[in-house]
Structure formats: structure tokens, C-alpha cells
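# Secondary and tertiary structure notes
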Amino acid sequence: MLWLSEDVYNLTFVASGTQGASPFLVGDVQEPLMVPYFGVRAVGWFVDTVATTGQLSLAIGATTPDDQLNRPSGSRFGLAIAGAFAQEIAVLAPSTDFTAAGRQIASVFYRRS
Amino acid sequence: MSLVSLFNGFVDQVAAEVSDLIADFAANRDISLGTTFPASPALGQRFVRTDIGEEFVWDGRGKWLSSAGRTFTFTGSPSAARGFKLDNSAETPLATAGVVLPYSCTVVQYFISTAFDENGVLALNKNGVSVDTLTMNSFILHYKLSTNIDFEQGDRLLVTQQSTTTGTWTRAIVCVHVRRRAS
């Protein structure tokens, strides 16, 4: 049992296809993004991409995938994903996206805990 | 003391506690409804505006703010035309760029997350004019968690890279949390 915020917060990742500008983790070369709350619980997410193959992964608290959605689009809600150090939220793209990711959007919904 | 009187005492005690619980519930369930906020509200008082269809709380900022927060997310881009720039040069905010707000709201917190330790200044802009800044001090996360910045319906909300001291921001995301405001 956890105290969870009434608010559902949102973190939207938009990948432009240019390395360095993409907020997705590609090729495991960069760090996940952080939110300023010591404890989050992901409750859902969705993806919408130009790419039609492969998967995007959601990772909470580390870079180990906690959930996957197939491209080009998909969604899953009703999640309760929390990590031991759940201040980090990442969306991981396939390593083949390293040089040209194409337009991709992933939106993660979470509550503070 | 007989077993009967002990039992009766227990029943009386339970009845009294249940009565207290009912009284507490009745007091706490009193969430008012209407189209006009009450005068002289208490801190934390809730009120459902039936004309807006939303619950508001008399906030510590002295404003009626929605009990449901919203997030606007901005991502960085090599081009000034999309998101905000990441290219190590100060960006001039445009009055015609940004999110057009569909209702009056108050920015209650915002943060920027980057892949690497970054420096510089992030600006929060209203209609092309900076109304708040966040100085970045060589870390991957910078935030303000208790802001009180009003925007009106139709205003444009935009974040920009106001200045940098070194390098280029990498994989930046800015989240601006707002609460709808009513009066």
C-alpha cells in the first residue's frame, strides 16, 4: 500500500530522428530522464510512431524494460510499475533507430508516491 | 460486575463510537456545489463549480485552483521551429509560438530533465516575454516545485533556452504543471 498523488502526471517523449535531440534511449548510450519526485508509479502509456516494426519499451527506475508496446501504435493502462529508485523514466527504442529514429511519440502517465 | 452489565457497557461503547464516526463522516462529506465560490474560504476548502464541471481547492496561494493538475511537455529540437532549441545559443521567444491555453491557469511547478549534466538558463515565457527562469547548475535535473505564475485564457505558454554557458543540451524534456484557475 502506498500514498499516491491525486494528480496523474504526464511525461511525453517526442523523438525527431536526430541523435541527441531524441529523448528516447537508443543503443543504451545515454541516461534515462528524471522527474523531481522520489517515487513514481506508472499507471499507463501509449505510443504512436512512423516506424511500423519493432517495439518501444518503458523502463521505470532503471533501463530494464518493464513493459513493451508494438509499433506503430498501442496503449496500455491499469499499470502499477514502480522501481526501487523510481525517479527515472525512460522509453527505449530499438538499436536500429540509432541514426534515424523517425517521428515517434510516447506518453507516460504516472502518479507520485 | 455481572456478565450482563459488562456486555451492556460494551454495547454502549460501540454505539457511542459508531455515532462519532457518523458525525465525522457527515462533517467531512460536506463538499459544496454551485456556480459561485463561497466568500472567505478556509485553506484547503473544496468546491465543485457545476458550471465548469470541476472541483476546485482554495489553495495556499490564495486562489481557487483545480484539484486536478495538467502537464504541458516540451521537448528539445535542433530547430527553433519545433520545441525549443538545443544548439548552445540563446533563443528569442516568439509571441506567436507556444501552447495557447484554453483556460486561465497557474503554473505550480516545472522541471527540465536532460541526459547529461547541463548549464544555462531555461525561460518560461508568456506571450513571448520571460516571466520566470530556471538556472541550471551542471546537473541532469533542475526544477521549481512551488511556483505561482498566472496565465490567462488565450495566453501562449512557451519554454526557451535563454542562455547557455557550455555545450548543447542533450535529450531535454520540460514539464510544466498547471492547475486551472477560476474566480
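Residues numbered from 1 in each chain as written. Chains lettered and ligands numbered in written order. Predicted model: local features only at pLDDT ≥ 70, side-chain atom pairs only at ≥ 80, totals over all residues. Heavy atoms only, no water.

### Quick word on the overall build of chain A
Tallying secondary structure elements over chain A gives 0 helices and 9 strands in all. In chain A, the succession of α and β elements from N to C terminus is β-β-β-β-β-β-β-β-β. In chain A, the proportion of contacts linking residues at least 24 apart, taken out of those at least 6 apart, comes to 72%. Carbon and sulfur atoms make up 54% of the accessible area of chain A, which amounts to about 5,200 Å² in all. (Helix = DSSP H or I, 4+ residues; strand = E, 2+ residues; numbered from the N terminus. Contact = heavy atoms within 4.5 Å. Areas by Shrake-Rupley, 256 points an atom, 1.4 Å probe, with all protein chains shown as cover.)

### Thoughts on the environment of T114 of chain B
Checked against the element boundaries, T114 of chain B lands in strand β7 (residues 105-126). With 65 residues separating them along the chain, T114 of chain B and R49 of chain B place their C-alpha atoms 39 Å apart. Not counting residues within four places of it along the chain, the set of residues in contact with T114 of chain B comprises L33 of chain A together with M136, F139, I140, T170, R171 and A172 of chain B. Within the local environment of T114 of chain B, its side chain forms a polar contact with the backbone oxygen of F116 of chain B, the two atoms lying 2.9 Å apart. (Polar contact = N/O pair within 3.5 Å; in protein donor to acceptor, adjacent residues only side chain to side chain.)

### Concerning the domain arrangement of chain B
Residues and elements named next belong to chain B. Domain parsing of chain B yields domain 1 (3-63) and domain 2 (65-182). Listed by partner, the interface residues are 11 residues for domain 1 and 13 residues for domain 2. Of the roughly 1,000 Å² buried where domain 1 meets domain 2, counting both sides, 49% is carbon and sulfur surface. Sorting the residues of domain 1 by area buried against domain 2 places E54, R61 and K63 first, and these three jointly supply 57% of that buried surface. One salt bridge connects E54 with R70, and the closest N-O pair in it is separated by 2.7 Å. The set of elements that each furnish at least two residues to the side of domain 1 that touches domain 2 consists of β2 (46-49) and β3 (54-58). The element best represented in the side of domain 1 that touches domain 2 is β3, accounting for 4 residues. A class-by-class count of the residues in the side of domain 1 that touches domain 2 yields 4 nonpolar, no polar and 7 charged. (Domains from an automatic or database assignment. Buried area = accessible area lost by both parts, 1.4 Å probe. Salt bridge = Lys/Arg side-chain N within 4 Å of Asp/Glu carboxyl O. Nonpolar A, V, L, I, M, F, W, Y, C, P; charged D, E, K, R; others polar.)

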